[in-house]
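Okay, here's what each chain looks like letter by letter:
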Amino acid sequence: MGSILIVIALVVGYGTKRVIQTRSWQITGDLVSRVETDERVVALTFDDGPTDADADAVLDVLADRNVPATFYVNGKDAEQNSSTMQRIIAGGHEIGNHTWSHRSMVFVSPSTVADEIESTDEVIREAGYDGPLTFRPPHGKKLITLPMYLAEHDRLTVTWDVAYEDWSGKPQSSQNLTDATVEDIRPGSIILLHPWFGRTTTQGAIGPVIDQLQEQGYRFVTVSELIR
Ligand SMILES: [Zn+2]
């Protein structure tokens, strides 16, 4: 009997972990991690922040190449770094909601979900952004209350299919991160990078990733353009 319970606990535990972590499916509501297409189009997405101190390192590279990106911002950082928000908007980029505080959205009450998302929407709209506003959960993780809120409010969840753990210190150099990112790209890919908070390794990879993919004939679009 004890061993059966252990097996059941393992199965349930494993299943729940899968539901939390999988980036291509959630329990309810629409989720996109990439788009099926033969066309060489990709979307570049940047998570967290923004941070004014890193604005030049991120936004100048995009402006120089005339490449649009999608920024999944945290409300608390967006509020404190409003000049970078203004630059993102003026640059014609897309903005997405990545929660207010970047807390885990796995075991959370419906009211916490609503607070985290709605306060962030407000800051983004108050900054003057009037474009599409998709949602990306912190660490891509979700379970029940978050997808239910998103489905009820008709919000699209956007994850990614190309990332090389640049948040964890895994890439040893910008070259390393560039190579790993470019290698994983397919038509319709959604690339995730974390360039804020002084992450110079990631910042140094943005230009080379764009240049190498453009040499391969790829075109960069925002997430909403990719989905359309
Ligand atoms: Zn994040």
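In case you missed it, the structure is sitting above this.
Rules used in this analysis
Residues numbered from 1 in each chain as written. Predicted model: local features only at pLDDT ≥ 70, side-chain atom pairs only at ≥ 80, totals over all residues. Heavy atoms only, no water. Helix = DSSP H or I, 4+ residues; strand = E, 2+ residues; numbered from the N terminus. Rg over C-alpha atoms; globule rule 2.2 N^0.38 Å. Buried < 20%, exposed > 50% of the residue type's maximum accessible area, 1.4 Å probe, protein only. Contact = heavy atoms within 4.5 Å. Lys, Arg positive; Asp, Glu negative; His and termini not counted. Charge placed at Lys NZ, Arg CZ, Asp CG, Glu CD. Patch = residues over 30% accessible without salt bridge, like charges linked within 9 Å, V, L, I, M, F, W, Y side chains within 5 Å. Areas by Shrake-Rupley, 256 points an atom, 1.4 Å probe, with all protein chains shown as cover. Salt bridge = Lys/Arg side-chain N within 4 Å of Asp/Glu carboxyl O. Axes fitted to C-alpha atoms, helices over the stretch in contact; angles between N-to-C directions. Parallel < 35°, antiparallel > 145°, perpendicular 65-115°, else oblique. Nonpolar A, V, L, I, M, F, W, Y, C, P; charged D, E, K, R; others polar. Polar contact = N/O pair within 3.5 Å; in protein donor to acceptor, adjacent residues only side chain to side chain. Pairing = 2+ DSSP bridges. Donors = N, O, S within 2.8 Å, 3.2 Å for Na, K, Ca; no water.

Trainee: What is the right way to read the overall build of the protein chain from this model?
Mentor: When helices and strands are tallied, the protein chain shows nine helices and seven strands. Over its C-alpha atoms the protein chain spans a radius of gyration of 18 Å, differing by no more than 12% from the 17 Å that the globule rule assigns to 228 residues. For the protein chain, the spread of C-alpha atoms along the principal axes amounts to about 65 × 40 × 35 Å. For the protein chain, with 228 residues in total, the buried portion stands at 50%. Partitioning the intrachain contacts of the protein chain with sequence separation of at least 6 by distance along the chain shows that 79% fall at a separation of at least 24. Positive and negative charge centroids in the protein chain, built from 19 and 32 side chains respectively, lie 7 Å apart.

Trainee: What am I meant to see in a nonpolar patch on the surface here?
Mentor: On the surface, a nonpolar cluster with roughly 380 Å² of combined accessible area is contributed by W25, I27, I144 and M148. Within the element layout of this structure, M148 appears in helix α6 (residues 145–152). A residue is classified by how much of its surface remains accessible, and M148, at 41% relative accessible area, is partly exposed.

Trainee: For this particular structure, what's the right way to read unusual backbone geometry?
Mentor: Working note: non-glycine residues mostly have negative phi, and peptide bonds are mostly trans. The omega torsion across G49 and P50 is 5 degrees, close enough to zero to call that bond cis. Along the chain, the position of P50 falls in the loop between β2 (41–47) and α2 (55–65). Residue H139 is not a glycine yet carries a positive backbone phi of 60 degrees. Among the structural elements, H139 can be located in the loop between α5 (110–126) and α6. At D154, a residue that is not glycine, the phi angle is positive and equals roughly 60 degrees.

Trainee: Please explain the packing of α2 against helix α4 (residues 82–90) as it appears in this structure.
Mentor: Packed helix pairs are characterised by how far apart their axes lie and by the angle those axes make with each other. The contact between α2 and α4 brings their axes to 11 Å, and the two run at 5 degrees. Comparing the axis directions of α2 and α4 gives the class roughly parallel. Taken together, the residues of α4 that come into contact with α2 (itself represented by A55, D56, L59 and D60) are T84, R87 and I88. For the contact of α2 with α4, a count of residues per class yields three nonpolar, one polar and three charged.

Trainee: Can you help me understand the side chain of H102 in this one?
Mentor: The residue H102 is located in the loop between β4 (94–97) and α5 in this model. For H102, the side chain forms a polar contact with the side chain of D48, separated by 3.1 Å. Excluding its chain neighbours within four sequence positions, the residues that come into contact with H102 are D48, N74, E116, P138 and H139.

Trainee: How should the pairing of β2 be read in this particular structure?
Mentor: Judged by how many residues are buried, β2 sits mostly within the fold: seven of seven residues are covered. Burial along β2 is two-sided: V41, A43, T45 and D47 facing one way and V42, L44 and F46 facing the other are all buried. Bridge count for β2 against strand β7 (residues 219–221) is three bridges, and the pairing is parallel. Bridging from a neighbouring strand, A43 pairs with V221 of β7.

Trainee: Sorry if this is basic, but what is going on with a negative patch on the surface here?
Mentor: Together, E79, D115, E118, E122 and E126 make up a negatively charged patch on the protein surface. With four residues, the single largest contributor to the negative patch is α5. Tracing the backbone through its elements, the reader meets E118 in helix α5. Residue E118 is classed as partly exposed on the basis of its relative accessible area, which comes to 36%.

Trainee: Mind showing me how you'd approach the coordination of the zinc ion here?
Mentor: Ideal geometry at a metal centre: 109.5 degrees between donors when four sit tetrahedrally, and 90 or 180 degrees when six sit octahedrally. Coordination of the zinc ion by the protein comes from D48 (OD), H98 (NE2) and H102 (NE2), over a distance range of 2.1 Å. Considered as a linear motif, the donors of the zinc ion on their single chain read D-x49-H-x3-H. Taken together, the residues span a long stretch of sequence, with D48 in the loop between β2 and α2 and H98 in the loop between β4 and α5 at a distance of 50 residues.

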